[in-house]
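The chain contents come next:
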Amino acid sequence: MTRLSPLCAAVLAFAMLIGEALAAGNGGAAAFDYRKALHSSLLYFEAQRSGHLPYNQRVRWRGHSGLADGLQQGVDLVGGYYDAGDNVKFGLPMAFTVTMLSWSAIEFGDEIAAAGERRHVLEAIKWGTDYFVKAHAERDVLWAEVGDGDTDHYCWQRPEDMTTSRQAYKVDRDNPGSDLVGETAAAMAAASIVFRRSDPSYSSLLLQHAQQLFEFGDKYRGKYDSSVAEARRYYGSVSGYGDEMLWAALWLHRATGKAEYLDYAVYMADEFGGTGWAITEFSWDVKYAGLQILAAKLLLEGNHRPEHQATLEQYKSKALHYLCACLGKNGAAGNVNRTAGGMLYVRQWNNMQYVTNAAFLHTVYARYLAASSSGSGELNCPDGPAHADDLLALARAQADYVLGANPAGVSYMVGHGHRFPRRVHHRAASIVSHRADGRFIGCVQGYDHWYRRPGANPNVVVGAIVGGPDHRDRFRDRRGNYEQTEACTYNTAPMVGVFAHLHSEAASGRRFRVRK
């Protein structure tokens, strides 16, 4: 064994003390730049834009695309977001993305503003809601999708070069889609709250559309993937439409204060599964945990009529099932699995969406607990009580895992840190920018010359959160490994709120700040 000189030993001891102090000051975890992560998160949405890009576009390797969307159908569908690494505009995940961006802005607006990102979060939300206004061109019609996943997947092209079908698909009275319509209503209702002070007229417009969509979805009920078969293979509605309609009702109640929407959420709670389903995931498809937390908030605030108490208590019990399962305190009721590295693990394909959504829901519920009239800040889980600090600790651990505190030492947010995925499954990022080389790139050429390249992507899609590692914390950075290397808008959206909170916490030295 090599002996250290007294000087070396002293230096090593001092370094260890400093390291321990830094770790203790950061909850035992490595320090991350949460402000930069927040900045990168919002930058990512500019990389996903479809349509005519504005003069202040910051992601310069992207260009205008989809400028004729809707033309064949006689409707203007230019704009919106591409969901992931393809060139299709899928309505359901896009609407969920905007709902989560809006929820982040509602709960953490002060923190986002303090980080200098208020304008960017408003722009990210409005890019989506402007598109939804266009897509809701008639009272009982909502355009559900532009492009076709099957034909799109035969091509590997930049959005600026698209030669694939831009067929648009809609839901209407004869071909209903209450899940898509409900989620879009939720997105526009939530966004109306965000714009209430800065742009009252736009807020009123969004709320009008949200209310009309809610009526449409409730009156003409059905699953959207039964009406739009092209969506079924890619964004099939497994949970049905009940969760989206309850979710929309609760967001409309929050946006308007009208009792009729809370009455709906209470009276339809059993039929639509709101008080029956105890779920351990929250995603673009399954909204139960999120809507149950919204309902629990009303109970914590005492913001309800006495006759609603019993149903809201049922909602709350299901919300606690989700939270306690993520915390590992659910006992025989079952917990969410965790990898050896500490990541919540739900399923193989794009598991990171469940991680980021869990981080958000735990962060926001900790805030609700702290602001509650009782002020107890405690959850009664089957395996013992949990406090607001426990929820925040889980959220922070998951956020830090995303940013690189994991066995692989990889940041699953692209462009953050020194080690991050370089071969993201993303058409625009993997092909030379049209600004650098304006020559047309066809379907086969894209596959042959760019998709199959072993090297890193020429463009870095900063802020994208990829699908992430498997149940053993293993990750293969390969462009063809789409289950792990494809990034989606709904992975990043919830982290806007989480990173804003974590940055504020780090800057103030406090664990969290209560919003009364």
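Residues numbered from 1 in each chain as written. Predicted model: local features only at pLDDT ≥ 70, side-chain atom pairs only at ≥ 80, totals over all residues. Heavy atoms only, no water.

In the annotation of an unreviewed UniProt entry, the protein chain is listed under the name Endoglucanase and assigned to Eragrostis curvula. Its UniProt record gives the protein chain the following Catalytic activity (unreviewed entry) comment, quoted word for word: "Endohydrolysis of (1->4)-beta-D-glucosidic linkages in cellulose, lichenin and cereal beta-D-glucans." What UniProt records for the protein chain under Sequence similarities (unreviewed entry) is the sentence "Belongs to the glycosyl hydrolase 9 (cellulase E) family." (UniProt positions renumbered as here; feature names shortened; annotations may be inferred.)

Enquirer: It is not clear to me how the overall build of the protein chain should be interpreted in this structure. Could you clarify?
Expert: A tally of helices and strands in the protein chain yields 19 helices and 7 strands. Taken over the C-alpha trace, the protein chain has a radius of gyration of 23 Å; the compact-globule value for 516 residues is 24 Å, and the two agree within 12%. In terms of overall dimensions, the protein chain has a C-alpha envelope of 80 × 65 × 45 Å along the principal axes. On the protein chain, roughly 20,200 Å² of surface is accessible, and the fraction owed to carbon and sulfur atoms is 52%. Of note, the protein chain has its 54 positive side-chain charges centred 6 Å away from the centre of its 54 negative side-chain charges. (Helix = DSSP H or I, 4+ residues; strand = E, 2+ residues; numbered from the N terminus. Rg over C-alpha atoms; globule rule 2.2 N^0.38 Å. Areas by Shrake-Rupley, 256 points an atom, 1.4 Å probe, with all protein chains shown as cover. Lys, Arg positive; Asp, Glu negative; His and termini not counted. Charge placed at Lys NZ, Arg CZ, Asp CG, Glu CD.)

Enquirer: What exactly am I supposed to notice about the sheet that holds strand β1 (residues 89–90) here?
Expert: By way of backbone hydrogen bonds, the strands of a sheet pair with one another, either parallel or antiparallel. Strand order in the open sheet formed by 3 strands is β1-β2-β3, and the pairing between neighbours is antiparallel. This sheet does not close on itself; its edge strands, each paired only once, are β1 and β3 (168–171). Pairing of strand β2 (residues 142–146) with β3 involves 4 bridges; the strand directions are antiparallel. Paired with Leu142 across the strands is Val171, a residue of β3. (Pairing = 2+ DSSP bridges.)

Enquirer: Hey, could you run me through the pattern of salt bridges in this one?
Expert: For side chains bearing opposite charge, pairing can occur when the charged atoms are close. Per the stated rule, a full pass over the model turns up 30 salt bridges. Across the salt bridge formed by Glu111 and Arg367, the nearest N and O atoms sit 2.8 Å from each other. With a gap of 256 residues between them, Glu111 in helix α3 (residues 91–114) and Arg367 in helix α14 (residues 352–371) connect regions that are remote in the sequence. Across the pair, exposure class does not vary: Glu111 and Arg367 are buried alike. In this structure, a network of salt bridges that share partners links the residues Glu46, Arg49 and Arg58. (Salt bridge = Lys/Arg side-chain N within 4 Å of Asp/Glu carboxyl O. Buried < 20%, exposed > 50% of the residue type's maximum accessible area, 1.4 Å probe, protein only.)

Enquirer: So what exactly am I meant to see when it comes to the nonpolar core here?
Expert: In globular proteins that are soluble, nonpolar side chains generally tend to be buried together. The biggest cluster of nonpolar side chains holds 163 residues, and the ones touching the most others in it are Trp103, Ile125, Trp251, Tyr365, Leu379, Val461 and Phe499. When residues in this core are grouped by element, the largest group, 12 residues, is from α3. Residues within four places of Tyr365 in sequence aside, it is in contact with Ile293, Ala296, Leu300, Lys316, Leu320, Leu323, Leu379 and Leu391. With 7 residues, the next largest nonpolar core counts Ile431, Ile441, Tyr447 and Tyr451 among its residues. (Core = buried A, V, L, I, M, F, W, Y, C linked by side-chain atoms within 4.5 Å. Contact = heavy atoms within 4.5 Å.)

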